[in-house]
Amino acid sequence: MGNDLQSRRAMIAGVGASGLALVVTACGGGADTAQDAGTAPESSAPQSSAPQADGALAKTADIPVGGGTILKDQKIVITQPTEGDFKAFSALCTHKGCPVASVEGGSIVCPCHGSKFAIADGAVTDGPADKPLAAQEIKVDGDQITLA
């Protein structure tokens, strides 16, 4: 009987530790922004994770007029507010540092708290962010967009 009781205690302790590990993993760390983010909406902006093979960030044809493309790995958003006018900004929201998720309706949109930024100059068009997205220097050479 003593052995049987010890086995049950060991099993209950093991299940308890496993359950605790699962809860800690599910609720574990992350910045304030990740906890507030919830489920990010699908992005209407094309997204790329790597520069072109020739070192370019993107091709001009990849950036829609009146829209933009988010380069996740480079943390840059490239926009084309009007045909042939390309702009680039940091893809990190100035409110809490969340990565922006989409470019739609003339705005760069952060999913965490709903901040929106103008595609023409990165200015805040809807808070809670109160600072514009930082401009990034780019160079357009033919159909290639690179960092300046």
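Residues numbered from 1 in each chain as written. Predicted model: local features only at pLDDT ≥ 70, side-chain atom pairs only at ≥ 80, totals over all residues. Heavy atoms only, no water.

A. Layout of the confidence of the model for the protein. On average, residues of the protein score 74 in pLDDT, and 64% of them reach the 70 mark or higher. Every residue in residues 15-46 scores below 50 in pLDDT, and together they form 25 contacts with partners more than four places removed in sequence or on other chains. (pLDDT = per-residue confidence, 0-100. Contact = heavy atoms within 4.5 Å.)

B. Structural view of the sheet that holds strand β7 (residues 107-109). Overall, antiparallel pairing links the four strands, which are arranged β6-β7-β8-β9 in an open sheet. What marks the edges here is a single partner per strand, and that holds for β6 (102-104) and β9 (124-126). The average angle at which neighbouring strand axes cross in this sheet is 35 degrees, direction not considered. Judged from the three bridges that link them, β6 and β7 form a sheet pairing that is antiparallel. By the bridge assignment, Ser102 is partnered in β7 with Val109. (Pairing = 2+ DSSP bridges. Helix = DSSP H or I, 4+ residues; strand = E, 2+ residues; numbered from the N terminus. Axes fitted to C-alpha atoms, helices over the stretch in contact; angles between N-to-C directions.)

C. Layout of the pairing of strand β4 (residues 76-82). The buried fraction of β4 is high, at six of seven residues. Two strands pair when backbone bridges link them, and strand β3 (residues 67-71) and β4 are joined in this way by five bridges, in the antiparallel orientation. Bridging across to β4, Thr69 finds its partner in Ile78. Between β3 and β4, which pair antiparallel one after the other, the connecting turn spans four residues, and Lys75 there sits at a positive phi close to 55 degrees. Between β4 and strand β5 (residues 85-90), which follow one another and run antiparallel, lie two residues, and Gly84 among them has a positive phi close to 85 degrees. (Buried < 20%, exposed > 50% of the residue type's maximum accessible area, 1.4 Å probe, protein only.)

D. Molecular detail of the state of the cysteines. Taken as a whole and assessed by the stated rule, the structure comprises one disulfide. Covalently, Cys98 is tied to Cys112 through a disulfide, its sulfur atoms 2.0 Å apart. Between Cys98 and Cys112, the disulfide has an S-S torsion of -105 degrees and is therefore left-handed. Of this pair, Cys98 sits in the loop between β5 and β6 while Cys112 is found in the loop between β7 and β8 (116-118), placing the two residues 14 residues apart along the sequence. With a relative accessible area of 2%, Cys98 lands in the buried category. Cys93 takes part in no disulfide bond, and the closest cysteine sulfur to it belongs to Cys110, at a distance of 3.9 Å. For Cys93, a relative accessible area of 5% puts it in the buried group. We classify Cys110 as buried; its relative accessible area is 3%. (Disulfide = S-S within 2.5 Å.)

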